[in-house]
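# Coordinate analysis (summary)
So you can see what is in the structure, the chains are spelled out below.
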Amino acid sequence: MQPTDVTKPEYFHKVVDCQWACPAHTPVPEYIRMIAAERYGDAYMINWVSNVFPGILGRTCDRPCEPACRRGRVEEEPVAICRLKRVAADLKEDIRDRLPKPASRSNGKRIALVGAGPSSLTVARDLAPLGYECVIFDGFAQGGGMIRTQIPKFRLPEEVLDEEVGYVLGLGIETRFGTWIESMKDLLAQDFDAVLVGSGAPRGRDLQIPGREEAAAHIHIGIDWLNSVSFGHIDKIGRRVIVLGGGNTAMDCCRSARRLGGESVTVVVRSGFKEMKASPWEKEDAANEGIPILNFLVPKEFVHDSGRLTGVLFEKVEAQYDEKGRRQLVASGEPDVLIEADDVLVAVGQENAFPWIERDAGIAFDRWDMPKVDPVTYQSSNPRVFFAGDAAFGPKNIITAVAQGHDAAISIDLFCRGEDVTQRPGPLVNLTSQKMGIHEWSYDNNVSNDLRFKVPHAKPEIALNSIKVEVELGFDARLGFREAQRCLNCDIETVFTPQLCIECDACTDICPTDCITFTRNGDEDDLRGRLSAPSLNHEQDIYVSAPLKTERVLVKDEDVCLHCGLCAERCPTGAWDMQKFFLKTAQAGAACR
Amino acid sequence: MTYIAKPKLHHPQLATNTLGYTRRDYEGTVSTLCAGCGHDSISAAIIQACFDLDLPPHRIAKLSGIGCSSKTPTYFLGASHGFNTVHGRMPSVLTGANLANRDLIYLGVSGDGDSASIGLGQFAHAIRRGVNMVYVVANNGVYGLTKGQFSATADRDSASKTGAINKDSAIDMVSLALQLGATYVARSFSGDKEQLVPLLRGALSHEGAAFIDCLSPCVAFNNHAGSTKGFDFIREHNAAVNQLDVMEPRAPITASYPPGALETIEQHDGSVLRLRKLEQDYDAGDRLSAMTYLQERAAQGEIVTGLLYLDQKARDLHENLGTIATPLNSLGDAELCPGREALERLNASLR
C-alpha cells in the first residue's frame, strides 16, 4: 500500500467515529472532555455551533453517533453521548452573552423560510448574523415545527424547546407565525432573494381497511393526534388503545396514550420486533411503561358496533425469505386475532405534501411527486428555491435536518452573493500535539473501566400521571462526569513520524488492543491478513507508514484503538505523538470564502 | 516510566489458550523502564511464549537479581511466583528453589551486569550443574541504572555514549555457557520476536540448563553510533544460523522466514523442535564446531543468532543427584527423617 496521507482531513475525521457519523459532524469528544472538566457552558457552545439545539437533541436525537461509538466495539455499550449533551444543556451557566448578536445592519438580502422547524431555524441562525433579513412563516402560533408538534412533553419539556428556539429567533428574525403559505407563486412574487422550504413531512399515512370510515371517530392519525395533544386540544383517550406501527412516532403515541387514560395500551407491528424502525431505547422505554409490543400481526379490519370501535382484527403472518434473501410476510394459517380497543392510533409512516407549490412555479418534481433537489447544494430547479430537512428528501430526523440546514444556508449565502453554489467551502481543521510533559497529556488518557451508566428516570407513578412530567431526569454532575470519562477521546489521534522510528517494538508491546504491527508491505487485503490482531472492521482504515529502516512498514488498524497514548508514552524517539484533531464543518459566512 | 495502568480493555477477538487465558492474562504491571527499552520486548516475548505453551502461571517461578533486566519480572507473569535476589545471586537461589520443588518451571532473568560481573561465578555453577531452568540474560553491554558505564559484555573498541572507548575484552556469555555445559544455548535480539519467541518456547520445554543471551539495546545509554549493542548495529551484523519453530501438538506455528532445510528434533518432554536452517553448514547438535563457528564469525564482526546448540540427551541436576521424582518440599517428616537405624546403616556403609 501507498503510505497513508494523513493531511487529508477525511483520514483522521473517520477515526472520530461519533463525529463522522453525526450528520452535523459535532465535535463530540471535545465537548465530552469539557463536561468532565465541568465546563458545561463551553460544552454547550461547541454543540450549539454545530447542531443548534443541544438541549433538544440531548433528549430526542436519533443518535447516529452511538452505534458508531468505538467504545461499543471494545466493550458492551457505547458512551451515552446523547445524554451527555443534555448534561451540558442542563448544567450550563447563562450563555446568552456568548450567542451571536443580531446583525447591526442588513445586507439588503431577504430570505423567506417556510416552516419553523429545525432546518429553517438552522438556516435562519446561520444567515441572520451575516445581515440577511430572515422571515419565518409557520402555520402554528409558535416556532419549533415537528419538535413542538410531534414530540411529547414528557420527553421534551416546553421550557427547553422555548429556550433554544428563542436563541435563534432572538437573532433578529421576523416571524410570521399562524400564517400558512398557500402559494409558492405568491411567495416568489414577493421581494425575497431566496426561499427555503423547510416544511417537513407533515402528512401521516392512513390505513385503508374495512371499518376505517365507519369507526373514524375512534381512529386517529398518529402525528395529527400528537399535535392535538401537544396543543392541549386532546387530553384523554379510551381505556384500551391499540397503536399501529413500529416507528418512533408509534412509541410517542403509545406512551402519550398511557398518560391520557389508556390503561391498556398495545403496540402492534406487521413485521418482527427486531425489524421495527423505532430506536431500541424508545422501545425499551415503552416496555418499561408496561406497553406490550406484538409482532407479525397485519391489521385486517377495524371492528365496530355501528360506528363505535370495539377492536381490530389481525391476520397472523410469518416472515419467509426467497432465494434472494428478500423478506415476505405470508399468512401463517393460524386463526385471526381480535384485539379489543376503544381507540386506535395509526402511526404507519409519514410523507411529504406540497399542495401549496404550484407545479408550474418553476420547481421540477420527480415521479414520486417530490421536488428535485440537489443533494449537495439543496437547490431546487428554481435557483431561488432551496429545500432542507424532511421537505428535501423525506422524513429522517432532527439532526439530519440541522445538517441540511447548514448546507442550504451556505448555498443561499453563495447564491445571494452571485457565487457558484457548487463550490463548497472546506471544513476548518486543526491538528495539535497534546504533549505536556514526558508522560503527560492535556487529556486524561487513563481509560475508565466503567460500564455505561443508566439515566435515572422519574418514578412511574409520577411519570405516568401527567403528559408533561419529564420521564428522564438526566445525569447529574457526578454521573455525567463518570459517563464522560468513558469516552475514549478518539479525536486525540495517534500521529506517526516514520523518520523518527527506530523499530524498538515498544508501541507494539504496550498496545492494549494490538493495533500496531511492523511488517513488510503488501496490498490492503494481504496486510490486513498479517496484522497482530484480526482485522474485523474493513470500514475502518488502516494506517500504513512510509518504509522504515528495515524496509518494513508500520501498520496501525484504527478499528479498536483506545487512544490511551501508551504507544506515544513508550516511544523513545517521539515517533508517536498524540495530536488533537479538531474539525468544524463550514458554515455560511465570510470565514468560508 | 508510564504512570497509568495498561487499560484492561482488549481486542474483541483476543485469542485464548487451552487454559482459557488470554495473552493479557500473562502480563504484569506496566513497565517502569525507559521508553523503548529492549527489555520490555523480552518481557512481551516471554508473555507470548508462556501463553503459546499454555503454561499455568502458578506453575512458573521467575527469579532475578539486580539491574534493569532484573526489574522486568514485575512486568510479566503477574500471577506467577517471583523472587528478586541479591545482586548476582539469582542462580543460587534458583538452584535452591529447584532442589526444593522440581515441579515448577524456573525462569531466571538477569542482565550482563548481574550475570557477567558480580554474578559470573554463580552463573557458571548453575549452568555446569545442569539446573533445569531457562536462564535469560538481557544483554545491553552497559550499566543502565548507573547511567551508562561499560559492562563486562561491552565489545572492545566500542564507544560509550560520552565517546569513551572500551579497552577491555568482552565476555561472551554464549561461549561461556557452551563451555560450561548448557544443553540449550541460543542468542537472539529483543527487536526480533519472530526469532525470540520460538527460542523461548523451545527453552521453556527443554529439560536441562537452557541459556538465552538476548541482545537488548539500551535506548538511553547504548543506542548510538559507535555502540555495538544498538538497534542499527545489531540489525546490520545479525547473522541468524537458523529459525526455530516449536511444534505443539495442537497447532503448527509457522514463521515468515524464507524456506530452507528443515531439521526435526524431539525433546524429552515430547515437544518437537523444527529447525529451519538459514546457514546450511551450521549443525546445532555439534558443540565443538558451534564454539569454533561462533569465534570465527565474531572475529569477522558478526553477531551469530539462533538456536546455537541443543543436546537432545540433556541431563539435569536432579538426574545427576538421583533425587526422587516427588518434590522435596512435599515430602513428610517420615520420608525426610527415616530414623536412627537408617542413619547408622548409612554411616556404616561409608566406613
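Everything quoted here is computed from the prediction, not taken from an experiment. The residue numbering used here restarts from 1 in each chain and proceeds along that chain's sequence as written. Each chain is given a letter, starting from A, and each ligand a number, starting from 1, according to the order in which they appear as written. For this predicted model, a pLDDT threshold of at least 70 governs which residues receive local features, and a threshold of 80 or more governs which side-chain atom pairs are given and counted, while totals over whole chains, interfaces and linings are taken from all residues.

Here we take up the overall build of chain A. Strands here are runs of E lasting at least two residues and helices are runs of H or I lasting at least four, both read from the DSSP assignment and numbered beginning at the N terminus. Within chain A, the regular secondary structure consists of 22 helices and 24 strands. The C-alpha atoms of chain A give a radius of gyration of 26 Å, which matches the 25 Å a tight globule of 593 residues would have. Its C-alpha atoms give chain A principal-axis dimensions of about 85 × 65 × 50 Å. Any residue pair is listed as a contact if its two C-beta atoms, each placed from the backbone, are within 7 Å. The contacts in chain A between residues at least 6 apart in sequence include a share of 72% that link residues at least 24 apart. The size measure is the radius of gyration over C-alpha atoms, and the globule rule it meets is 2.2 Å times the number of residues to the 0.38 power.

Looking now at the interface of chain A and chain B. Taken together, the 30 residues of chain A in the interface contact 24 residues of chain B. Contributions of two or more residues to the side of chain A that touches chain B are made by α7 (71–74), α20 (506–510) and α22 (566–570) of chain A. Residues of the side of chain A that touches chain B, tallied by class, amount to 16 nonpolar, 6 polar and 8 charged. Gly falls in the polar group here, along with every residue not listed as nonpolar (Ala, Val, Leu, Ile, Met, Phe, Trp, Tyr, Cys, Pro) or charged (Asp, Glu, Lys, Arg).

Consecutive residues of a regular strand have side chains that alternate between opposite faces of the sheet. All names here are of chain A. Of all 5 residues making up strand β1 (residues 110–114), 4 are buried, and the element is well covered by its neighbours. The pairing of β1 with strand β2 (residues 133–138) spans 5 bridges and is parallel. Of the residues in β2, the one forming a bridge with isoleucine 111 is cysteine 134. Crossovers are marked right-handed if the path from the first strand over the helix to the second runs clockwise, as seen with the strands pointing away from the viewer. Traced from β1 through helix α9 (residues 118–127) to β2, the parallel crossover comes out right-handed. A pair of strands is treated as paired once DSSP finds two or more bridges between them. As defined by bridge partners, β1 adjoins strand β4 (residues 194–197) across 4 bridges and the pair is classed as parallel. Bridge pairing links leucine 113 to leucine 196 in β4. Exposed residues have 12 or fewer other C-beta atoms within 10 Å of their own C-beta, buried residues have 20 or more, and residues in between are partly exposed; the C-beta atoms are placed from the backbone.

All names here are of chain B. If you check which residues of helix α6 (residues 173–180) are buried, you get Met173, Val174, Ala177 and Leu178. Considered in projection along α6, the buried side chains sweep an arc of 135° and stay on one side of the axis. Backbone geometry just downstream of α6 places glycine 181 in the positive-phi region, at approximately 100°. Arc definition: it is the arc formed by the directions from the helix axis to the C-beta atoms.

A few words now on the sheet that holds strand β21 (residues 516–519) of chain A. Residue and element names in this part refer to chain A. Spatial strand order, β21-β23-β22: 3 strands in an open sheet with antiparallel pairing. At either end of the open sheet lies a strand with only one pairing partner, and these are β21 and β22 (542–544). Neighbouring strand axes in the sheet, compared pairwise and without regard to direction, differ in orientation by 20° on average. In this sheet, strand β23 (residues 553–557) lies alongside β22 in antiparallel orientation, the contact comprising 3 bridges. Counted as the bridge partner of isoleucine 542 is aspartate 557 from β23. For every element, the axis is a line fit to its C-alpha atoms; helices are fit only across the contacting stretch, and the angle between N-to-C directions ranges from 0 to 180 degrees.

Residues and elements named next belong to chain A. Their axes nearest at 10 Å, the elements helix α13 (residues 222–230) and helix α14 (residues 248–259) cross at an angle of 45°. In terms of axis orientation, α13 runs oblique to α14. Read as a crossing pair, α13 and α14 show a hand that is left-handed. In this structure, α13 contributes Gly222, Ile223, Trp225, Leu226 and Val229 to the contact, and α14 contributes Thr249, Ala250, Asp252, Cys253 and Ser256. A class-by-class count of the residues in the contact of α13 with α14 yields 6 nonpolar, 3 polar and 1 charged. Should an angle lie under 35 degrees it is considered roughly parallel, over 145 roughly antiparallel, and from 65 to 115 roughly perpendicular; all remaining angles are considered oblique. Handedness of each helix crossing follows the sense of rotation of the near helix against the far helix: counterclockwise by less than a right angle gives left-handed, clockwise gives right-handed.

This part covers unusual backbone geometry. Residue and element names in this part refer to chain B. With phi around 50°, leucine 77 is a residue other than glycine that occupies positive phi space. Inspection of the secondary structure assignment puts leucine 77 in the loop between α2 (68–71) and β2 (81–84). By C-beta crowding, leucine 77 is classed as buried, having 24 other C-beta atoms within 10 Å. A positive phi angle, close to 75°, is found at aspartate 157, a residue other than glycine.

Residues and elements named next belong to chain A. By convention here, the domain bounds are inherited from an automatic or database domain assignment. You can read the domains of chain A as domain 1 (9–98 + 441–484), domain 2 (110–202 + 352–416), domain 3 (205–348) and domain 4 (492–584). Centre-to-centre separation of domain 1 and domain 2, based on C-alpha positions: 27 Å. Opposite the 19 residues of domain 1 that make contact, domain 2 presents 24 residues. The element contributing the most residues to the side of domain 1 that touches domain 2 is helix α5 (residues 54–60), with 5 residues. In terms of residue class, the side of domain 1 that touches domain 2 is built from 12 nonpolar, 3 polar and 4 charged.

A few words on the sheet that holds strand β8 (residues 264–268) of chain A. Residues and elements named next belong to chain A. Strand order across the open sheet formed by 5 strands is β6-β14-β7-β8-β9, with parallel pairing between neighbours. Only two strands of the sheet have a single partner each, and these edge strands are β6 (219–221) and β9 (293–294). Where β6 meets strand β14 (residues 343–346), 3 bridges bridge the pair, whose relative direction is parallel. Counted as the bridge partner of histidine 220 is leucine 345 from β14. Each of β6 and β14 touches α13; the most contacted strand, β6, lies at about 85° to it.

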